[in-house]
Structures are given as structure tokens and as C-alpha cells.
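Chains, contacts and geometry: an overview
Spelled out from the first residue to the last, the chains are:
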Amino acid sequence: MIAWLGPADFPEHRREPLLRRLAWEAGTDEPAALAALVAARAAQPCRVLTGSVALASPIAVLGDDDRYHLRLGTRYLCAQAW
């Protein structure tokens, strides 16, 4: 059995955006269709990144211009397009 949270398990300020996004993805706001989409998503693996990128934290590095710049691993966040 897969344990999962449904829209009713979220606080109101998170529930409304979740239901709007689910309705947009399902193409309908019918409760049965949204429940089926939530159940299908619960069977999929988590979308959270894993590995060194997810575990690394950005750090502030003092630059030649006497300003701090955010760096994640070997990349500077201010100069890279993600």
C-alpha cells in the first residue's frame, strides 16, 4: 500500500494552488478526475533531486570586486543560466 497525501491534507493556503494546478493538468476540475491524477502521481517516484546537487548548499564567496557572490559547487549562481 502506498501512503500519500491528498489535497484535503494540506492547509488552505497550499490546497487552493494545488487544486488549480491539478485542474489545469487534468483539463477538468471534476473531483474524481483530480483524485485519479493524485493517485497516479502517488505511484511515481519522488521528483526531488538527489545526489550532490541536491545536497550542496550555495555559499557566499568574496569576489575580486569586494562583493559576495553565491556559488553552488563550481558554478556561480549569478552568472549561470539554469
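Worth saying up front: this structure is predicted, and the values here are computed from it rather than measured. (Residues numbered from 1 in each chain as written. Predicted model: local features only at pLDDT ≥ 70, side-chain atom pairs only at ≥ 80, totals over all residues. Heavy atoms only, no water.)

1. Things to note about the overall build of the protein
Scanning the protein from N- to C-terminus turns up 3 helices and 3 strands. N-terminal to C-terminal, the α/β element order of the protein is α-α-α-β-β-β. Among the 82 residues that make up the protein, the fraction classed as buried is 12%. Considering only contacts in the protein between residues 6 or more positions apart, those separated by 24 or more positions represent 13%. (Helix = DSSP H or I, 4+ residues; strand = E, 2+ residues; numbered from the N terminus. Buried < 20%, exposed > 50% of the residue type's maximum accessible area, 1.4 Å probe, protein only. Contact = heavy atoms within 4.5 Å.)

2. Examining the sheet that holds strand β1 (residues 59-62)
Pairing is antiparallel in the open sheet, where 3 strands are placed in the order β1-β2-β3. At either margin of the open sheet sits one strand with a lone partner, and together these are β1 and β3 (75-76). With 4 bridges connecting them, β1 and strand β2 (residues 68-72) associate as antiparallel partners. Bridged to Ala60 within β2 is Leu70. (Pairing = 2+ DSSP bridges.)

3. Observations concerning the nonpolar core
The biggest cluster of nonpolar side chains holds 5 residues, and these are Leu18, Leu22, Ala23, Leu34 and Val38. For this core, the secondary structure elements donating two or more residues are α1 (12-26) and α2 (31-42). It is α1 that provides the largest number of residues to this core, a total of 3 residues. Discounting residues that sit within four places of it in the chain, Ala23 has contacts with Thr28, Asp29 and Leu34. (Core = buried A, V, L, I, M, F, W, Y, C linked by side-chain atoms within 4.5 Å.)

4. Let's talk about unusual backbone geometry
Notably, Asp66 is not glycine yet its phi reads approximately 60 degrees, a positive angle. Within the element layout of this structure, Asp66 appears in the loop between β1 and β2.

5. Digging into the pattern of salt bridges
With the rule as written, the count across this model stands at 3 salt bridges. A salt bridge links Arg15 to Glu12; the nearest nitrogen and oxygen atoms lie 2.5 Å apart. Here Arg15 pairs with Glu12, and both are found in helix α1, just 3 residues apart, close to one helical turn. By relative accessible area, Arg15 is classed as partly exposed at 22%. With a closest N to O distance of 2.0 Å, Arg41 and Glu25 form a salt bridge. Placement of Arg41 in helix α2 and of Glu25 in helix α1 is noted, with a sequence separation of 16 residues between them. (Salt bridge = Lys/Arg side-chain N within 4 Å of Asp/Glu carboxyl O.)

6. Details of the confidence of the model for the protein
Overall, the prediction assigns the protein a mean pLDDT of 78, with 76% of residues at 70 or greater. Confidence scores differ between elements of the protein, with helix α3 (residues 52-55) showing the lowest mean pLDDT of 54 and β1 the highest of 89. (pLDDT = per-residue confidence, 0-100.)

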